[in-house]
Amino acid sequence: MKRTLAFGGLVATAGLLAAGLAAPAQATPQDVASDALATNGIAAWSTAAYWFNNAYANLVNATPYDVETKVVAKHISKGGPAADSKPGVVPAIGDEKKTVAKSKNVNLPKTTGKVFFNGSDGRPHWCTATSVQSAYHNMVATAGHCVYDTESNAATLNNWVFVPGYYQGKTPWGIYVGKTAYTHYDYDVYEDGDRDYAFVTVYNGLKMPHDGVIAPFGPANPGAWKEVSKETFNKFPAWYRTSGFCHQSNGHYYVWAFVDAGRLGDNVGGQGLAYNQKIGQPVFVFGYPSGKHPDGNQAFTGKTLKWTYGKTFAATAPSVKAEELQAVKSSFTGEGALGSSWLLKYNNGRRLGYLNGVTIGVSDTDGNDRYDTSVSPYFDGETYGVYSAAKNNWSGSIAVPFENPLNH
């Protein structure tokens, strides 16, 4: 784990902003924790192969993450999250100089998808996440405990990838391997629920050629395989070298050539960021809820993206060490919905808005055995500081023939 000191800065205001959003903020300095996910090309390729292998079996068989999803109802009470400076926003990708176009339809954002990883149980799981604005169009936002392993002593969850628009084994814009995760130091060390959010930089996406089928090695498929040195070949883990993604013959060594899908934000866009906003404004919540209500009703499957809409209100939840939360009335069940994006000023026509929260838990507040409330950390200047520490970090492409993958 690496500690860095993040300093906030002024953000230019886009012309589309409503009057209540027009004041950029100077974020105060705060501690930011950054942790590596996949540090080089070898690690990233191995991570991608874990999810591509056996006809996407691990993606298909992954289950929704259910760690720390339920917030005890009696611990939901009206509290007082307060802005620590003036309100500010970061425009969404493509909205830096554009004005609002109005639409009456609720169009689902392309930016939302699932993050997949191995939990402390070693099994594949998923949460919801969304693409957000950054200098290199390479950043994802989700709940902190969908990145950091709060169940064991490991720093981060293994084999972490983002799949925008995921549906039943389909990866329409590719798989984006996580490079570095950023969160508030208080969450990384103390699991402070008020800081349960994470911003993750990702490499360019990877796709499988040939409609997801690994082409047999041979002269008929010269573009599907790339020759590497023996030294590079041996840097891959043993399971990878014996998988269908590697081949050796007569002293020559080959690896499967994933196709570069490009940068995340270029493919699906990226939501803006809003912080220090007034409580009581309406937000859209987009996510993949799954799991059962307390009464056993299976309201959501987690297979398709869903949305809810409501006005935020202040809340506290001591059971998750949180005194400055925001909440919204929502029927989302917790499993799978963790990390769902809370979008302020969402424009249906452009499918863009301002990320102003991420779901970290759900609660049944009226005692009828149905979840009725979702909660999120309040995004303030310290949130912006964490975002600022992550937003200017380059990731780059990993889908290249490499002799020294540690440079990629």
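Residues numbered from 1 in each chain as written. Predicted model: local features only at pLDDT ≥ 70, side-chain atom pairs only at ≥ 80, totals over all residues. Heavy atoms only, no water.

An unreviewed UniProt entry lists the protein chain under the name Trypsin-like serine protease, with Microbispora triticiradicis as the source organism.

Visitor: Account for the state of the cysteines, with residues named and values stated.
Guide: Counted according to the given criterion, the structure contains one disulfide. One disulfide bridge connects Cys127 with Cys146, the sulfur atoms lying 2.2 Å from each other. Between Cys127 and Cys146 the disulfide shows an S-S torsion of about -80°. By sign, it is left-handed. Of the two residues, Cys127 sits in strand β6 (residues 124–132) while Cys146 sits in the loop between β7 (139–143) and β8 (158–164), which places them 19 residues apart along the sequence. The exposure class assigned to Cys127 is buried, which follows from its relative accessible area of 0%. Cys146 sits in the buried class, given a relative accessible area of 0%. (Disulfide = S-S within 2.5 Å. Helix = DSSP H or I, 4+ residues; strand = E, 2+ residues; numbered from the N terminus. Buried < 20%, exposed > 50% of the residue type's maximum accessible area, 1.4 Å probe, protein only.)

Visitor: Give a detailed account of the packing of aromatic side chains, specifying residues and quantitative values.
Guide: Evaluated as defined, the whole model comprises 24 aromatic pairs. Note on Phe52 and Phe258: the rings are 5.2 Å apart at their centroids and 25° apart in plane angle, and the pair reads as stacked. Placement of Phe52 in helix α1 (residues 41–61) and of Phe258 in the loop between β14 (252–256) and β15 (259–262) is noted, with a sequence separation of 206 residues between them. With 5.0 Å between their ring centres and 55° between their planes, Phe286 and Tyr346 make a pair best called tilted. Here the residue Phe286 occupies a position in strand β17 (residues 282–287), and Tyr346 occupies one in strand β21 (residues 341–347), the gap between them amounting to 60 residues. Per residue, the accessibility class of Phe286 equals that of Tyr346, and both read buried. Here a set of aromatic residues connected by ring pairs shows up, and it is made of Trp45, Phe52, Tyr56, Phe236, Trp239, Tyr240, Phe245 and Phe258. Over the aromatic face of Trp126 sits the side chain of Lys114, whose NZ or CZ is 3.7 Å from the ring centroid. (Phe/Tyr/Trp six-rings, centres within 6.5 Å; stacked < 30°, edge-to-face > 60°. Lys NZ or Arg CZ within 6 Å of the ring centre and 35° of its normal.)

Visitor: Give a detailed account of helix α6 (residues 381–391), specifying residues and quantitative values.
Guide: When you tally the buried positions in α6, you get nine out of 11 residues, the bulk of the element. Considered for burial, the residues of α6 that qualify are Gly381, Thr383, Tyr384, Gly385, Val386, Tyr387, Ser388, Ala389 and Ala390. For α6, the capping residue at the N-terminal end is Asp380, with a side-chain oxygen 3.0 Å from the backbone nitrogen of Glu382. (Polar contact = N/O pair within 3.5 Å; in protein donor to acceptor, adjacent residues only side chain to side chain.)

Visitor: Break down the sheet that holds strand β19 (residues 313–317) for me, citing the residues and quoting the values.
Guide: What holds strands together in a sheet is hydrogen bonding between their backbones, with the strands either parallel or antiparallel. A sheet is described by the order of its strands in space; here four strands give the open sequence β19-β20-β24-β23, paired in antiparallel fashion. Taken across any chain shown, the strands that pair with only one partner, and hence form the sheet edges, are β19 and β23 (361–363). Recorded for the sheet is a direction-independent mean angle of 40° between the axes of neighbouring strands. (Pairing = 2+ DSSP bridges. Axes fitted to C-alpha atoms, helices over the stretch in contact; angles between N-to-C directions.)

Visitor: How would you explain the sheet that holds strand β12 (residues 225–228) if you had to name every residue and give the values?
Guide: Pairing within the open sheet is antiparallel, and its three strands lie in the order β12-β14-β13. Every other strand in the sheet has two partners, leaving β12 and β13 (246–249) as the edge strands with one partner each. Neighbouring strand axes in the sheet, compared pairwise and without regard to direction, differ in orientation by 30° on average. Bridge analysis of β13 against β14 gives four bridges, and the strand direction is antiparallel. Bridge pairing in β14 places Gln248 opposite Tyr253.

Visitor: Provide a residue-level description of the side chain of Gln277, including the pertinent values.
Guide: Along the polypeptide, Gln277 turns up in the loop between β16 (272–275) and β17. For Gln277, the side chain forms a polar contact with the main-chain oxygen of Tyr275, separated by 3.0 Å.

Visitor: I'd like to hear about a negative patch on the surface, residue by residue, with values.
Guide: A cluster of acidic residues, Asp66, Glu68, Asp121, Glu151 and Glu191, forms a negative patch at the surface. Tracing the chain through its elements places Asp121 in the loop between β5 (112–118) and β6. (Patch = residues over 30% accessible without salt bridge, like charges linked within 9 Å, V, L, I, M, F, W, Y side chains within 5 Å. Areas by Shrake-Rupley, 256 points an atom, 1.4 Å probe, with all protein chains shown as cover. Salt bridge = Lys/Arg side-chain N within 4 Å of Asp/Glu carboxyl O. Lys, Arg positive; Asp, Glu negative; His and termini not counted. Charge placed at Lys NZ, Arg CZ, Asp CG, Glu CD.)

Visitor: So what's going on with the side chain of Ser229? Which residues, and what values?
Guide: If you trace the backbone, Ser229 turns up in the loop between β12 and α3 (230–233). Engagement of the side chain of Ser229 in a polar contact is seen with the backbone nitrogen of Thr232, the distance being 3.1 Å.

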